[in-house]
Amino acid sequence: MLLATAGMLSGAIVGLAAFGLSRLTGAALFVLVGALTGIGAVIVRRPYIGRARLSSLKITVPQVSELTFVVDDEARQVAWRLYIEAATRISTQPLSDGGGNLREALTSLYGLFAITRESLKAGRPSAALVAGGHSVEYLAITMLNRELRPFLSKWHPLLRDFEQSHPSGPESIWTHNSACRKELELVRRNIIGYTLGFARLADVRDTEAMFRGPYDVSGPGEEPRNAGR
């Protein structure tokens, strides 16, 4: 009964509106048609706002080889946020032999994992802009699943156990201290590769110099430059 009544009211309203439109002439008719056209243009255009200026570029990240990415303005903003987060963290700075703090480095990696995931969740999924083109999300999720997750899931419980059993002991007496530092350095260099990839996607230039220093970033499988000095 309620559905029937609602249907009758809706039909009556539509009928009255159609009757009113049929009696419009002259300027009023042109104003109405123009307004409806404008509304239609906004509705059609809205899904594409923020997706202008498409770019297709090839990026070489040592851990995932050379890939073609297609980005728009919205994807560039995501890449920019991820670049800033990764480039300014302790986890992208080297720990010298016997120096630095493993707990701070692991905490920084956890923070990078969390902020990357939250940045992806807060944005809209990239549209399928070009067949075969990869997205910023692909690069970010690959970094999480290939680099951060395996390292953290292995070393965080071990370091936590050591800290709980030696609450006042320095990390230098930890049995796995050296092995953890070696893997951390490899992860650090790999993350820099992803970070430079985010920079390219965000159209940030000349970023390699930020990561040069006494423990310079090297290619995969290479010894760190200036190592041992």
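Worth saying up front: this structure is predicted, and the values here are computed from it rather than measured.

**Here's the deal with the overall build of the chain**
Each helix and strand in the chain was counted, giving six helices and two strands. The buried share of the chain, taken over its 229 residues, is 35%. With the model as given, the accessible surface of the chain reaches about 13900 Å², and the carbon-plus-sulfur share is 61%.

**Topic: the packing of aromatic side chains**
Pairs of aromatic rings are described using the distance from one ring centre to the other and the angle between the two planes. Scanning the model with the defined rule gives three aromatic pairs in all. Taking 5.9 Å as the distance between ring centres and 85 degrees as the angle between the ring planes, the aromatic pair formed by W155 and W174 counts as edge-to-face. Note that W155 is positioned in helix α5 (residues 136-165) and W174 in the loop between α5 and α6 (177-201), a separation of 19 residues in sequence. With respect to class, W155 is no different from W174; both count as buried. One aromatic cluster is present, built from ring pairs that chain together W155, F162 and W174.

**Some details on helix α4 (residues 102-122)**
Counted at 1.5 Å a residue, the expected span for α4 with its 21 residues is 30 Å, and the 30 Å between its end C-alpha atoms agrees. Within α4, the full set of buried residues consists of L102, R103, A105, L106, S108, L109, L112, F113, T116, S119 and L120. Residues of α4 that are buried make contact with α3 (73-87), α5 and α6. The opening residue of α4, the one whose side-chain oxygen lies 2.9 Å from the backbone nitrogen of R103, is N101.

**Notes on the packing of α3 against α6**
Running from amino to carboxyl end, α3 crosses α6 at an angle of 145 degrees, the nearest separation of the two axes being 8 Å. The chirality of how α3 crosses α6 is left-handed. Taken together, the residues of α6 that come into contact with α3 (itself represented by R76, A79, L82, Y83, A86 and A87) are T195, F198, A199 and L201. Of the residues contributing to the contact of α3 with α6, the split by class is eight nonpolar, one polar and one charged.

**Some words on the environment of V78**
Topologically, V78 is positioned in helix α3. Along the sequence, V78 and F198 sit 120 residues apart, while their C-alpha atoms lie 8.7 Å from each other. Once residues lying within four places of it in the same chain are set aside, the contact partners of V78 are L120 and V136.

**Observations regarding the packing of α4 against α6**
Relative to each other, α4 and α6 sit at 35 degrees, their axes nearing to 11 Å. Seen along the crossing, α4 lies across α6 with a hand that is left-handed. On the side of α4, the interface is formed by L102, A105, L109 and L112, while α6 contributes N177, C180, R181, L184 and I191. A per-class count over the contact of α4 with α6 returns seven nonpolar, one polar and one charged.

**A few points about the nonpolar core**
Grouped together as the largest cluster of nonpolar side chains are 43 residues, with contacts concentrated most on V136, L139, M143, L148, F151, F198 and L201. Put simply, the parts of the chain that give this core at least two residues each are β1 (55-61), β2 (65-71), α3, α4, α5 and α6. Of all the elements, α5 adds the most residues to this core, at 11 residues. If we skip the residues at most four places from it in the chain, F151 touches L106, L109, H156, C180, E183, L184 and V187.

**Here's the deal with the pattern of salt bridges**
According to the stated counting rule, one finds seven salt bridges in the structure shown. Between K121 and E118 there is a salt bridge whose closest N-O contact spans 3.5 Å. Of this pair, K121 and E118 are both found in helix α4, three residues apart, which corresponds to roughly one turn of the helix. Overall, the relative accessible area of 39% leaves E118 in the partly exposed class. Here R205 makes a salt bridge to D203, at a shortest N to O gap of 2.9 Å.

Conventions adopted
- Residues numbered from 1 in each chain as written.
- Predicted model: local features only at pLDDT ≥ 70, side-chain atom pairs only at ≥ 80, totals over all residues.
- Heavy atoms only, no water.
- Helix = DSSP H or I, 4+ residues; strand = E, 2+ residues; numbered from the N terminus.
- Buried < 20%, exposed > 50% of the residue type's maximum accessible area, 1.4 Å probe, protein only.
- Areas by Shrake-Rupley, 256 points an atom, 1.4 Å probe, with all protein chains shown as cover.
- Phe/Tyr/Trp six-rings, centres within 6.5 Å; stacked < 30°, edge-to-face > 60°.
- Expected span 1.5 Å × (residues − 1).
- Contact = heavy atoms within 4.5 Å.
- Polar contact = N/O pair within 3.5 Å; in protein donor to acceptor, adjacent residues only side chain to side chain.
- Axes fitted to C-alpha atoms, helices over the stretch in contact; angles between N-to-C directions.
- Left-handed = near helix turned anticlockwise from the far one by under 90°.
- Nonpolar A, V, L, I, M, F, W, Y, C, P; charged D, E, K, R; others polar.
- Core = buried A, V, L, I, M, F, W, Y, C linked by side-chain atoms within 4.5 Å.
- Salt bridge = Lys/Arg side-chain N within 4 Å of Asp/Glu carboxyl O.

By themselves these figures say nothing about function.
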